Amino acid sequence: MSENFETDQNTDGANPDVRELSEVPAVEVISRAAVMLMSSAAEKLGLSDADPSSSPYLDLDEARRVITALAGLVTASVEYLGPHAGPIREGLQALQRAFREASSHPDEPGKGPGEKFTGPVY
């Protein structure tokens, strides 16, 4: 299966560089997936707005799902992430804490999104 993978660099401002997915290192694919999940969770927590509690994007059910998926990905791939592991883990924990803060009835420690993979986050 051959798919194109766009990079962040543009050669002429209009057409992005495209690489075959088979040429992209696994750590880059995993890191990009993690960043996409982090961005989605942040949006669903309303963190893109000045007042997250009144964000039209706030959806804790969806945020729980995305954070849990992120936790599973990070836990399963941490040994391959090298220097990226620390910042990705910190981002995950920040999202888990933001979820707890946004919840009107916070989950018990160890029961929050992704905590079955990461352990309790306080």
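With an unreviewed UniProt entry as reference, the protein chain is termed DUF1844 domain-containing protein, source organism Rhodococcus baikonurensis.

A. Region of the structure containing the confidence of the model for the protein chain. Residue-level pLDDT values for the protein chain average 90, and 87% of them are 70 or greater. By mean pLDDT, the top-scoring element of the protein chain is helix α2 (residues 60-77) (98), and the lowest-scoring one is strand β1 (residues 4-10) (54).

B. View of the pattern of salt bridges. Applying the stated rule across the entire model yields 6 salt bridges. The partner of Arg 65 in a salt bridge is Asp 61, with the nearest N and O atoms 3.0 Å apart. Of the two residues, Arg 65 and Asp 61 are both situated in helix α2; the distance of 4 residues between them amounts to about one turn of the helix. Residues Glu 62 and Arg 65 are paired through a salt bridge, measuring 3.5 Å at the closest nitrogen-oxygen approach. Of this pair, Glu 62 and Arg 65 are both found in helix α2, 3 residues apart, which corresponds to roughly one turn of the helix. Glu 62 gets classed as partly exposed once you look at its relative accessible area, which sits at 27%.

C. Structural context of helix α3 (residues 85-102). Taking 1.5 Å of rise per residue, the 18 residues of α3 would be expected to cover 26 Å, and the 26 Å separating its terminal C-alpha atoms lies within 8% of that figure. Along α3, the positions that sit buried rather than exposed are Ala 85, Ile 88, Gly 91, Leu 92, Leu 95, Gln 96, Ala 98, Phe 99 and Arg 100. In this fold, the buried residues of α3 make contact with α1 (26-44), α2 and α4 (115-118).

D. Structural detail: the nonpolar core. Among the nonpolar cores identified, the biggest contains 18 residues, and Leu 45, Ile 67, Leu 70, Ile 88, Leu 92 and Leu 95 are the most heavily contacted of them. For this core, the secondary-structure elements that each account for two or more residues are α1, α2 and α3. Look past the residues within four positions of Leu 95 in its chain and what remains in contact with it is Met 38, Ala 41, Ala 42, Leu 45, Leu 47, Ile 67 and Leu 70.

E. Summary view of the packing of α1 against α3. Relative orientation of the contacting elements α1 and α3 amounts to 20°, with a least axis distance of 11 Å. Taken together, α1 and α3 sit at an angle that is classed as roughly parallel. In the crossing of α1 with α3, the sense of the turn from one axis to the other is left-handed. Along the contact surface, α1 presents Ser 31, Ala 34, Met 38, Ala 41 and Ala 42, while α3 presents Pro 87, Ile 88, Gly 91, Leu 92 and Leu 95. Looking at the contact of α1 with α3, its residues break down into 8 nonpolar, 2 polar and no charged.

Conventions we followed
Residues numbered from 1 in each chain as written. Predicted model: local features only at pLDDT ≥ 70, side-chain atom pairs only at ≥ 80, totals over all residues. Heavy atoms only, no water. pLDDT = per-residue confidence, 0-100. Helix = DSSP H or I, 4+ residues; strand = E, 2+ residues; numbered from the N terminus. Salt bridge = Lys/Arg side-chain N within 4 Å of Asp/Glu carboxyl O. Buried < 20%, exposed > 50% of the residue type's maximum accessible area, 1.4 Å probe, protein only. Expected span 1.5 Å × (residues − 1). Contact = heavy atoms within 4.5 Å. Core = buried A, V, L, I, M, F, W, Y, C linked by side-chain atoms within 4.5 Å. Axes fitted to C-alpha atoms, helices over the stretch in contact; angles between N-to-C directions. Parallel < 35°, antiparallel > 145°, perpendicular 65-115°, else oblique. Left-handed = near helix turned anticlockwise from the far one by under 90°. Nonpolar A, V, L, I, M, F, W, Y, C, P; charged D, E, K, R; others polar.

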